[in-house]
Amino acid sequence: MNTSYILKKAIIINNKKSKKVHAGRSLKKIGVMGGTFNPIHYGHLATAEAVRNKYDLDKIIFMPSGNPPHKSKKEIIDKKHRYNMTMIATMSNIYFEASDIEIKREGMTYTVDTLEQLKKIYKNSQIFFITGADALCDIDSWKYLDKNFELATFVGATRPGIESAKVNQKIDQLKQKYNANIVNIYVPSLDISSTDLRNRIKKIESIKYLLPENVEKYIYKNNLYR
């Protein structure tokens, strides 16, 4: 199966999911998985599924960042490629959907703007914003941080190698300062990072079984990360 066919299939499936979601605005709990997804891998997918299962979420929207303020353009590949890979990676899960909200936005993309936009679409839904627990430790630099916490429950996903005591201390500080609703979840046995994948590709090392096979094919077809 060639990558063009896979991408076309992913687009069709994602559009169908999107229509269902927008038609069903009575969804009670929606997860938002933010990140550059540079590239998306099994760690992202397993984390999202673990959060969906633990908090009984109706849907998880994967949100590839457009122009994130904390990363230079040299660090990340074109946002269209990252969005395409996200659609391909999530097409087999009926609860997962890829969104192009951020990649369509002009200028820098901030989480608070995305959450405000989602709140307008899903007025009566509780939003769970999923991020890495390590990202919570650097969250003070986010734009309008207090507003972010008003708009969503934050879920910090801890993976192997993350110092849990440091994360828990930071969560307690944020709760006290902002009255933030923050929960954390440990996702075991998936010590995979996008940085490591990019390095493996540059060194012409195998990335098989670290990310979906069709995403791997897309990367090689488009000569990404070389």
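The shown structure was predicted, so the numbers you read here are calculated from the model rather than taken from an experiment.

Another aspect to go through is the confidence of the model for the protein. Taken as a whole, the protein shows an average pLDDT of 90; of its residues, 94% reach a score of 70 or greater. Across the protein, strand β3 (residues 96-98) holds the top mean pLDDT of 98, while helix α6 (residues 133-136) sits lowest at 85.

Read from one edge of the open sheet, 6 strands run β3-β2-β1-β4-β5-β6, paired in parallel fashion. One side of each edge strand has no neighbouring strand; the edge strands of this open sheet are β3 and β6 (182-186). Shown here is a sheet whose adjacent strand axes are inclined to one another by a mean of 25°, direction ignored. Relative to strand β2 (residues 59-64), helix α2 (residues 42-54) is tilted by about 145°, and along the sheet it contacts β1 (29-35), β2, β3, β4 (126-132), β5 (153-158) and β6.

Next up on the list: the pattern of salt bridges. This model, assessed by the stated rule, comprises 7 salt bridges. When the shortest N-O distance is used, the salt bridge between Asp196 and Arg200 registers 2.9 Å. Here the residue Asp196 and the residue Arg200 both occupy positions in helix α9 (residues 194-202), the gap between them amounting to 4 residues, near one helical turn. Salt-bridge contacts for Glu216 lead to Lys208; the nearest nitrogen and oxygen are separated by 3.7 Å.

As a further point, take the packing of aromatic side chains. One pass over the full model with this rule turns up 8 aromatic pairs. The interplanar angle of 90° and the centroid separation of 6.1 Å between the aromatic rings of Phe129 and Trp142 together place this pair among those described as edge-to-face. In this pair, Phe129 is assigned in strand β4 and Trp142 in the loop between α6 and α7 (145-151), connecting sequence segments 13 residues apart. Comparing Phe129 with Trp142 shows no difference in burial state: the two are buried. Through pairs of rings, three or more aromatic residues link up here, namely Phe129, Trp142, Phe149, Phe154 and Tyr178. The ring of Tyr95 has Arg52 sitting right over it, with the charged end atom 4.0 Å from the ring centre. Here the basic side chain of Lys143 rests over the ring of Tyr110, its NZ or CZ set 4.6 Å away from the ring centre.

Thresholds, definitions, all that
Residues numbered from 1 in each chain as written. Predicted model: local features only at pLDDT ≥ 70, side-chain atom pairs only at ≥ 80, totals over all residues. Heavy atoms only, no water. pLDDT = per-residue confidence, 0-100. Helix = DSSP H or I, 4+ residues; strand = E, 2+ residues; numbered from the N terminus. Pairing = 2+ DSSP bridges. Axes fitted to C-alpha atoms, helices over the stretch in contact; angles between N-to-C directions. Contact = heavy atoms within 4.5 Å. Salt bridge = Lys/Arg side-chain N within 4 Å of Asp/Glu carboxyl O. Phe/Tyr/Trp six-rings, centres within 6.5 Å; stacked < 30°, edge-to-face > 60°. Buried < 20%, exposed > 50% of the residue type's maximum accessible area, 1.4 Å probe, protein only. Lys NZ or Arg CZ within 6 Å of the ring centre and 35° of its normal.

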